[in-house]
Amino acid sequence: MRKYLEQEMTADSLKGRVQYSCTSYPNMDDKKIFEIRIDGKTYKRFSWETVAFRNKGTDKQEAWSNFWQEKGSVPVEEKTEFDDEDFCEALKLYRELPIESSICHTNPLVRMFAVLDRRIGKRTLEKLKSEVDLQPEWLRSVYTLRLSAEKLI
């Protein structure tokens, strides 16, 4: 995954700036922690714990109870935090779809992969400038990163 995303698919203007990692610990029931780092700093983490404990101060039992209630009922388009399954599903969709479909997909994670993709050219990025404010707050900085890397803003 890392080689594919970082070396093969990342836009030249972002090579070395965007990094992906996957961590798995013993006793995690085969769950993983995916992380995206931008310029050496953690940008977004994808794990069950990130979703369950997104509200600081929530006790452990309540956090997990809320997690399981929301897991199947909140569509990915409405989420602000994502687990490892959301990440994997979005990556699978991104890899299967043409880039033209990925950049306008309803899943914001698929759009995130697409906006970092080398196949998105400057003309398409110019069109996307007007859509930055329509993106979820967490995704706006990815759009801005790519636009500024291409010197479009």
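Here, the structure is the one placed above.
Residue numbers restart at each chain and count upward from 1, following the sequence in its written direction. Thresholds applied to this predicted model are a pLDDT of at least 70 for local features of residues and 80 or more for the giving and counting of side-chain atom pairs; totals over whole chains, interfaces and linings are not thresholded and use all residues. To obtain the side-chain values, all non-hydrogen atoms of the structure were used and water was disregarded.

Caption draft 1: Geometry of the sheet that holds strand β2 (residues 33–38). Taken in spatial order, the three strands of this open sheet run β1-β2-β3, and their pairing is antiparallel. Both outer strands of the open sheet, β1 (18–23) and β3 (41–46), are each paired with one neighbouring strand and no more. The average angle at which neighbouring strand axes cross in this sheet is 25°, direction not considered. Note: two strands are recorded as paired if DSSP finds a minimum of 2 bridges between them. Helical segments are the DSSP runs of H or I of at least four residues, strand segments are the runs of E of at least two, and each set is numbered from the N terminus. With six bridges connecting them, β1 and β2 associate as antiparallel partners. Each residue of the ladder has a partner; that of Cys22, found in β2, is Phe34. Lying over the sheet, helix α4 (residues 84–96) contacts β1, β2 and β3, oriented at roughly 70° with respect to β2. Every residue pair with non-hydrogen atoms within 4.5 Å of one another is taken to be in contact. Fitted lines through C-alpha atoms give the axes, limited to the stretch in contact for helices. The angle between two N-to-C directions lies from 0 to 180 degrees. The strands touched by helix α8 (residues 137–149) within the sheet are β1, β2 and β3, with β3 carrying the most contacts at an inclination of about 135°.

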